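# Structure assessment
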Amino acid sequence: MKKCIWCSRSQPTVTFQKLAHTVPQSLGGQNICENVCDECNSYFGNVHDKLPSIEVALKETFNVSRLMFLEVHNQVGKNKALARFKSIYFKVDLVKRKVEPKAAYKLKKNFQVDIARQFKRGV
């Protein structure tokens, strides 16, 4: 009988039918954790209480970091998947090496706290 590592509930109270990637599949994650229930798996990948999804917070942070790292090494554009990356929440200026929230989020109360919290939950 499976038991969820996040909520500690087990079958038949919860189901374990969906694949739970330990790292988001869109970031290249291939490892599957079989002990994450469908409800908790959904929680990590979807927006709740108008907060960014945990998966999006992770992707944004990793992709912005990767973009900044590749720029330092003159490799931006050589990684085709990254060349298509456009941040949902941040304005990235590679010339000035500056990252800041886009105007729509800059004025949103607690945006930085909320996205940081979601990132920490994902890690």
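Here is a short report on the structure shown in this document. (Residues numbered from 1 in each chain as written. Predicted model: local features only at pLDDT ≥ 70, side-chain atom pairs only at ≥ 80, totals over all residues. Heavy atoms only, no water.)

## Things to note about the pairing of strand S1 (residues 90–93)
Bridge count between S1 and strand S2 (residues 98–101): four bridges; the pairing is antiparallel. Along S2, the bridge assignment pairs Val 92 with Val 99. Count of turn residues in the S1/S2 antiparallel hairpin: four residues, of which Arg 97 carries a positive phi of about 55°. (Pairing = 2+ DSSP bridges. Helix = DSSP H or I, 4+ residues; strand = E, 2+ residues; numbered from the N terminus.)

## Quick notes on unusual backbone geometry
Cis peptide bonds are those with omega within 30 degrees of zero, and the linkage from Gln 11 to Pro 12 qualifies with 0°. Inspection of the secondary structure puts Pro 12 in the segment before helix H1 (38–45). Of note in this structure, Ser 8 is not a glycine but carries a positive phi near 65°. Topologically, Ser 8 is positioned in the segment before H1. A relative accessible area of 45% places Ser 8 in the partly exposed class. With phi around 65°, Asn 110 is a residue other than glycine that occupies positive phi space. (Buried < 20%, exposed > 50% of the residue type's maximum accessible area, 1.4 Å probe, protein only.)

## A closer look at the packing of aromatic side chains
Scanning the model with the defined rule gives seven aromatic pairs in all. Relative to Phe 111, the ring of Tyr 89 has its centre 5.5 Å away and its plane inclined at 45°; by these criteria the two rings are tilted. One end of the pair, Tyr 89, is in the loop between helix H3 (80–83) and S1; the other, Phe 111, is in helix H5 (residues 111–122), with 22 residues separating them in the sequence. Phe 111 matches Tyr 89 in its accessibility class, with the two residues each being buried. (Phe/Tyr/Trp six-rings, centres within 6.5 Å; stacked < 30°, edge-to-face > 60°.)

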